[in-house]
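Results of the structural survey
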Amino acid sequence: QVQLVESGGGLVQAGGSLRLSCAASGRAFSSYGVGWFRQVSGKEREFVAAIGRRGGLTNYADSVKGRFTISRDHAENTVYLQMNSLKFDDTAVYYCAANTVGLYSGIDSHYTYWGQGTQVTVSS
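Residues numbered from 1 in each chain as written. Predicted model: local features only at pLDDT ≥ 70, side-chain atom pairs only at ≥ 80, totals over all residues. Heavy atoms only, no water.

Focus: the overall build of the protein
Assigned secondary structure in the protein consists of zero helices and 11 strands. N-terminal to C-terminal, the α/β element order of the protein is β-β-β-β-β-β-β-β-β-β-β. The globule rule puts the C-alpha radius of gyration for 124 residues at 14 Å, and the 13 Å found for the protein is close to it. With respect to the principal axes defined by its C-alpha atoms, the protein has extents near 40 × 30 × 25 Å. (Helix = DSSP H or I, 4+ residues; strand = E, 2+ residues; numbered from the N terminus. Rg over C-alpha atoms; globule rule 2.2 N^0.38 Å.)

What follows is the structure in structure tokens.
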């Protein structure tokens, strides 16, 4: 069993930056693929970014390419999402998720474990 805890959300002006963290329990986390997804109330959850088990392979939604960077620190059992040049449309609850096969997938059904989410609000 893996528990995921997101942090780092908050209120930021458009053009600003935030770094989200996803801290995990359990040694097996280092072999898992991890993704970030986001959801606006009343809308479907959408993929943001994902990283493979070794950290060398990443995947991004077109809407965040060039602005967001996903990375992981195996020693800290943590995955990060650095978000730069934030836009109003980035406002959402951000969730991290882990899949046990190490995929850097953009499909939410591939993920087994989910965090509770952290709110990101970008003011225009």
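Don't stop here, the text continues.
With respect to the state of the cysteines
Inspection of every chain in the model, using the stated rule, returns one disulfide. Here Cys-22 engages in a disulfide with Cys-96; their sulfurs sit 2.0 Å apart. Taking the torsion about the S-S bond as the criterion, the Cys-22 to Cys-96 disulfide, at about 60 degrees, is right-handed. Within this pair, whereas Cys-22 is found in strand β3 (residues 18-24), its partner Cys-96 is found in strand β9 (residues 92-99), the two being separated by 74 residues in sequence. Per residue, the accessibility class of Cys-22 equals that of Cys-96, and both read buried. (Disulfide = S-S within 2.5 Å. Buried < 20%, exposed > 50% of the residue type's maximum accessible area, 1.4 Å probe, protein only.)

Quick look at unusual backbone geometry
Unlike most non-glycine residues, Asn-77 shows phi in positive territory, near 55 degrees. The topology assignment puts Asn-77 in the loop between β7 (68-73) and β8 (78-83). Overall, Asn-77 belongs to the buried group, its relative accessible area being 14%. With a phi angle near 50 degrees, Ser-85 is a residue other than glycine that sits in the positive phi range.

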